[in-house]
Amino acid sequence: MRAYLGAAGVAAVLLLGAASGPAVADSRSIGSDGFTIKDPRITESSGLAASRAHPGVYWTHNDSDDGAYLFAIDGRTGKTLATVTMSGVGSPRDVEAISMGPDGNLYVGDIGDNLGGKWDHVWIYKLPEPKKLVDQTVRATQYVVKYADGARNAESLMVHPKTGRVYIVEKGDDGGGLYEGPAALNASATNTFRRVADIDLWATDAAFSPDGRQLAVRGYFGGVSYAWNDGKPKRQGQLHVPMQPQGESVTYTPDGRTLLYGSEGEGSRVEPVEVEGAGSDSPSDKGGQGDDGGGSSPFTGKAGAVGAAAVLIVLFGIGRLLRRPKDR
């Protein structure tokens, strides 16, 4: 889904700045300092996933119906190392998310619904991560997905790094639901996803920590950290999400010490934020940053996100931000 914050987004950056982690030892994963996507073809980066087979490489894709393309990005330089064309998937409709599974496969979520939850099904594509980073065509398996409680709009898809189970977070106006897929996806039948928890955010992407113990969910103006709690997520606190023109993606670095936040737009910057407590054995470690005492974030849901932007506009006296990002 395309939306531009325009002058208000610029004002937000000027006011709040981009949160980023301090430089630490070289033992960190490649990409921990963030990077700028250099490929002019990538104008709507809407998902982000750290490679398993290629250290320092991050997979992304354009939003909406740009085509069945995935891009392997060098976390050092931001340059595209390979373009993968998916075959066997027909014409993608609204690709919004990408995640890496423990089986070495990439999972791509064609799960957006710009009609506001009117399509009777969406799709997930699964393909093996290429062993060599060269331009190539890879055959993908296509899965039909429906929700047990009716059509939904979603932009967040995550594969649990231990169980391999696929989850989707609804992009609801006032927060949404966490939907759990079947234990194994079936290419010859409809895969029904069922709501298992509430997510207090107008979510644009989400990611599991590499150890599977944390779930980070981001929106345009904030994020929420959850303890996974054996599939019953428990809210822990707010994430320190950097202000971006249109924040659409998040992933952990492979070492679990940094969250990387991406945005749409040509030449977009992927911003790093250090994860507090990463590497500790304490079960209370946060996948995010600040503890909000269990209360609700002031910027959760669509109304909260729009309210935050409105405050910035009033402060700077520039532009006007539409209540809802404009669909493409």
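Residues numbered from 1 in each chain as written. Predicted model: local features only at pLDDT ≥ 70, side-chain atom pairs only at ≥ 80, totals over all residues. Heavy atoms only, no water.

**Topic: the overall build of the chain**
1) Next: Helices and strands together make up the secondary structure of the chain, namely two helices and 22 strands.
2) Next: Within the chain, the proportion of its 328 residues that are buried is 56%.
3) Next: For the chain, the proportion of contacts with a sequence separation of at least 24, taken over those separated by at least 6, is 57%.
4) Next: Surface accessibility of the chain: about 13300 Å² in total, with carbon and sulfur atoms responsible for 50%. (Helix = DSSP H or I, 4+ residues; strand = E, 2+ residues; numbered from the N terminus. Buried < 20%, exposed > 50% of the residue type's maximum accessible area, 1.4 Å probe, protein only. Contact = heavy atoms within 4.5 Å. Areas by Shrake-Rupley, 256 points an atom, 1.4 Å probe, with all protein chains shown as cover.)

**Quick word on the sheet that holds strand β9 (residues 136-139)**
1) Next: Judged by pairing direction, the sheet is mixed, and its five strands sit side by side in the order β2-β3-β4-β5-β9 without closing on themselves. Both edges of this open sheet fall to β2 (45-50) and β9, since each of them pairs with a single strand only. Averaged over all pairs of adjacent strands, the angle between their axes in this sheet comes to 30°, without regard to strand direction.
2) Next: Pairing between strand β5 (residues 80-87) and β9: four bridges, direction parallel. When the sheet's bridge partners are listed, Met86 is paired in β9 with Val138. (Pairing = 2+ DSSP bridges. Axes fitted to C-alpha atoms, helices over the stretch in contact; angles between N-to-C directions.)

**Some remarks on the nonpolar core**
1) Next: Trp59, Leu70, Met86, Val108 and Leu127 are the most contacted members of the largest nonpolar core, which has 20 residues in total.
2) Next: Secondary-structure elements contributing two or more residues to this core are β3 (57-62), β4 (69-74), β5, β6 (97-100), β7 (105-110) and β8 (122-128).
3) Next: Core analysis: the next-biggest nonpolar cluster, separate from the first, contains 16 residues, Ile111, Ala154, Leu157 and Val159 among them. (Core = buried A, V, L, I, M, F, W, Y, C linked by side-chain atoms within 4.5 Å.)

**Details of the side chain of Glu96**
1) Next: On the secondary structure map, Glu96 appears in the loop between β5 and β6.
2) Next: Despite being buried, Glu96 has no salt bridge partner; Lys171 is the closest side chain of opposite charge, sitting 6.8 Å away.
3) Next: A polar atom in the side chain of Glu96 sits 2.9 Å from the side chain of Ser46. (Lys, Arg positive; Asp, Glu negative; His and termini not counted. Salt bridge = Lys/Arg side-chain N within 4 Å of Asp/Glu carboxyl O. Polar contact = N/O pair within 3.5 Å; in protein donor to acceptor, adjacent residues only side chain to side chain.)

**Things to note about the pairing of strand β21 (residues 269-274)**
Looking along a regular strand, one sees side chains alternate from face to face of the sheet.
1) Next: Bridge count between strand β1 (residues 35-36) and β21: two bridges; the pairing is antiparallel. What sits directly across from Thr36, in β21, is Arg269.
2) Next: Hairpin connection of strand β20 (residues 258-263) to β21: five residues between the antiparallel strands, including Gly265 at a positive phi of 115°.

**Description of the sheet that holds strand β14 (residues 190-199)**
1) Next: The strand order across the open sheet built from eight strands is β6-β7-β8-β10-β14-β13-β12-β11, with neighbouring strands paired in mixed fashion. Each end of this open sheet is capped by a strand with a single partner; those strands are β6 and β11 (154-159). Ignoring strand direction, the axes of neighbouring strands in this sheet form an average angle of 30°.
2) Next: Two elements, β6 and β7, share four bridges in a ladder whose sense is antiparallel. Following the sheet pairing, Met100 is matched in β7 by Leu106.

**Considerations on the packing of aromatic side chains**
1) Next: Summed over the entire model, instances satisfying the criterion amount to six aromatic pairs.
2) Next: Seen from their ring centres, Tyr147 and Tyr179 are 5.1 Å apart, and the 70° between their planes marks the pair as edge-to-face. Residue Tyr147 is found in strand β10 (residues 141-147), and its partner Tyr179 is found in strand β13 (residues 176-180); the two are separated by 32 residues along the sequence.
3) Next: Among the residues examined, Tyr179 registers a relative accessible area of 0% and is labelled buried. (Phe/Tyr/Trp six-rings, centres within 6.5 Å; stacked < 30°, edge-to-face > 60°.)

**A few points about the confidence of the model for the chain**
1) Next: When pLDDT is averaged along the chain, the result is 84; 77% of the residues meet or exceed 70.
2) Next: For the stretch residues 281-285, pLDDT sits under 50, and the model shows 10 contacts to residues farther than four places along the chain or on other chains.
3) Next: pLDDT under 50 marks residues 293-298. Its contacts with residues more than four places away, or in other chains, come to eight contacts. (pLDDT = per-residue confidence, 0-100.)

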